[in-house]
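# Architecture and fold: a report
Below, each chain spelled out in residue letters.
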Amino acid sequence: MSQKRLYDSRKRILVTGGAGFLGSHLIDRLLERGDEVLCVDNLFTGTKRNIEHLHANPRFEFLRHDVTFPLYVEVDEIYNLACPAAPIHYQHDPVQTTKTSVHGAINMLGLAKRLGCRIFQASTSEVYGDPTVHPQREDYWGNVNSVGIRSCYDEGKRCAETLFFDYHRQLGLDIKVARIFNTYGPRMHPNDGRVVSNFIVQALRGQDITIYGDGTQTRSFCYVDDLVEGFLRLMDSPEGFTGPVNLGNPGEFTMIELAEKVIALTNSRSTLSFHPLPQDDPTQRCPDIGLARRALQWEPGVPLDEGLARTVAYFAGIMEVQNA
Ligand code: NAD
Ligand code: UDP
Ligand code: UDP
């Protein structure tokens, strides 16, 4: 049975992966609205820098812990975000990536079961693999290679979704599953190899912009503040509305278009250089967000140019500090 505190009516919220890019922004919003937050992270890809501004806040607590091991804490809600998200990060130790998604989900679901509390899963557009249906709606089952170099992430996240829905059906757990499409913004790791961070860092340094393949593959980029608003709306939606729900920005761009925008925003002299396309790299990706619009009254509001400008300002700031 959950040990509720005697004298405090505030919600205590667990965010796994809270020292990462998305998790740290989510925690900012939760603290802003008055919740208490327990951030659990093993700092594999996250950094203390992302949460250092929170340590003076008495409603914030950090616990260094790997979610592949059991966790016994007392909370009212769980956001499960722990998992490396950038391809070079999740391919660095693919076995650990699958363990994080699968064992991590089992442990957090076990925790939610013991506490009888609501649990949110950060799933991904990668469950659609290299999609043959466009744009992707939640009822599309996907086109995923189970034995490729992206499989540890894609199949790990698919298995986590399966676990969430089986804990819901079999044990009545109150679940919320978000399928997140490419998201960008301040606190992305400058060396995470993701396209937005790579292009901005390269442009600011005047280096070649590295286009993989011919650059005609597409992605849809959501600004982090919009995404976090979607997380909160989904988490606070009525019981029984489980998802999965696509959260992303339906604006779709080729990698060449993205590179041109970044070059223009940074006034960079960088030019494009072309490199081989990584194995199983999806050729197109764009969310159908009709469900999120209808059920959550949610849609992203920050256009790509504006979000990129804010992100460029962030990277310019941290590079200035590094060069000082
Ligand atoms: P991130 O790498 O910045 O954050 C992930 C965090 O999880 C890091 O702080 C890392 O240290 C932590 N972590 C990793 N393994 C762990 C473990 N075993 N135990 C405890 N902590 C662990 O990535 P992000 O972009 O913030 O992604 C957060 C979540 O959102 C991930 O689950 C990711 O799959 C999902 N997601 C992100 C995107 C995106 O575009 N950013 C898209 C789809 C899904
Ligand atoms: N678990 C946890 N914290 C808890 C309760 C459970 O980490 O507060 C873990 C525990 O390690 C267990 C897993 O969650 O293996 C799944 O729990 P569940 O109750 O579903 O399964 P069982 O304990 O019966 O294997
Ligand atoms: N990409 C690129 N240059 C880079 C990094 C990535 O052209 O320096 C491409 C990559 O091949 C993919 C797209 O940009 O087609 C998005 O890559 P990212 O790693 O950001 O995300 P994901 O592939 O997981 O959507």
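Going along each chain's sequence as written, the residues are numbered from 1 onward. For this description, chains carry letters from A and ligands carry numbers from 1, given in the order in which they are written. Where totals are concerned, whole chains, interfaces and linings use all residues; where local detail is concerned, this predicted model gives features only for residues with pLDDT of at least 70, and gives and counts side-chain atom pairs only at 80 or more.

## What about the site of ligand 2?
- Close contacts around ligand 2 come from Pro70, Leu71, Tyr72, Ile106, Asn107, Gly110, Leu111, Lys113 and Arg114, and that covers them all.
- Of the residues that constitute the shell around ligand 2, the class distribution is five nonpolar, two polar and two charged. We call a residue near a molecule or strand when its C-beta atom, built from the backbone, sits within 6 Å of it. Here the nonpolar group is Ala, Val, Leu, Ile, Met, Phe, Trp, Tyr, Cys and Pro; Asp, Glu, Lys and Arg are the charged ones; every other residue, Gly included, is treated as polar.

## Observations concerning the sheet that holds strand β2 (residues 36-41)
- Spatially, the seven strands line up as an open sheet ordered β3-β2-β1-β4-β5-β6-β11, and their pairing is parallel. At either end of the open sheet lies a strand with only one pairing partner, and these are β3 (60-64) and β11 (245-247). Within this sheet the neighbouring strands show an average axis-to-axis angle of 20 degrees, counted without direction.
- Of the pairings in the sheet, the one linking strand β1 (residues 12-16) to β2 comprises five bridges and is parallel in character. Following the sheet pairing, Arg12 is matched in β2 by Glu36.
- In this description, a residue-residue contact is defined by the distance between C-beta atoms placed from the backbone, which must lie within 7 Å. Fitting a line to C-alpha atoms yields each axis, with helices limited to the stretch in contact; the angle taken between N-to-C directions then spans 0 to 180 degrees. A helix here means a DSSP run of H or I that spans at least four residues, while a strand means a run of E at least two residues long, and both kinds are numbered starting from the N terminus. The strands that helix α4 (residues 151-171) touches are β5 (118-124) and β6 (175-180); relative to β5, the one it contacts most, it runs at about 155 degrees. If DSSP finds at least two bridges between two strands, the strands pair.

## A few points about the site of ligand 1
- Near ligand 1, the surroundings consist of 29 residues, among which Gly17, Gly20, Thr45, Gly46 and Ala85 are the closest.
- Secondary structure elements with two or more residues in the shell around ligand 1: α1 (21-32), α3 (94-115) and β5.
- Counting residues per element, the shell around ligand 1 draws most heavily on α1, which supplies three residues.
- Here the shell around ligand 1 is built from residues that sort into 13 nonpolar, 14 polar and two charged.

## Observations regarding the packing of helix α5 (residues 195-205) against helix α7 (residues 255-266)
- Contact geometry of α5 with α7 gives a least axis separation of 9 Å together with a crossing angle of 40 degrees. Relative to α7, the element α5 lies oblique. The two elements α5 and α7 meet at a crossing, and its hand is right-handed. For the pair formed by α5 and α7, the contact residues are Val195, Phe199, Ile200, Ala203 and Leu204 on the first element and Met255, Leu258, Ala259, Val262, Ile263 and Thr266 on the second.
- Looking at the contact of α5 with α7 residue by residue, the class counts come to ten nonpolar, one polar and no charged. Should an angle lie under 35 degrees it is considered roughly parallel, over 145 roughly antiparallel, and from 65 to 115 roughly perpendicular; all remaining angles are considered oblique. We call a crossing left-handed when the near helix sits turned anticlockwise from the far one by less than a right angle, and right-handed when that turn is clockwise.

## What about unusual backbone geometry?
- With omega at -10 degrees, the peptide bond leading from His134 into Pro135 counts as cis.
- Along the chain, Pro135 falls in the loop between β5 and α4.
- Residue Pro244 is reached from Gly243 by a cis peptide bond, and omega for that bond is 0 degrees.
- Within the secondary structure, Pro244 is located in the loop between α6 (224-235) and β11.
- A positive phi angle, close to 60 degrees, is found at Leu43, a residue other than glycine.
- Relative to the assigned elements, Leu43 resides in the loop between β2 and β3.

## Some details on the UniProt feature "domain: NAD-dependent epimerase/dehydratase" (unreviewed entry) in the protein chain
- UniProt feature "domain: NAD-dependent epimerase/dehydratase" (unreviewed entry): in the numbering of this structure it lies at residues 13-241.
- In residues 13-241, helix accounts for 36% and strand for 19%; the two terminal C-alpha atoms are 20 Å from one another. UniProt positions are given in the numbering used here, feature names are shortened, and annotations may be inferred rather than shown by experiment.

## Concerning the packing of α3 against α4
- Orientation of α3 relative to α4, taken along the N-to-C sense of each, is 15 degrees, at an axis distance of 8 Å. Regarding the angle of α3 to α4, the classification is roughly parallel. As for how α3 packs across α4, the hand of that crossing is right-handed. Contacts between α3 and α4 pair Pro94, Thr97, Thr98, Ser101, Val102, Ala105, Ile106, Leu109 and Lys113 from the former with Cys152, Tyr153, Gly156, Lys157, Cys159, Ala160, Leu163, Phe164, Tyr167 and Leu171 from the latter.
- Of the residues in the contact of α3 with α4, the class split is 13 nonpolar, four polar and two charged.

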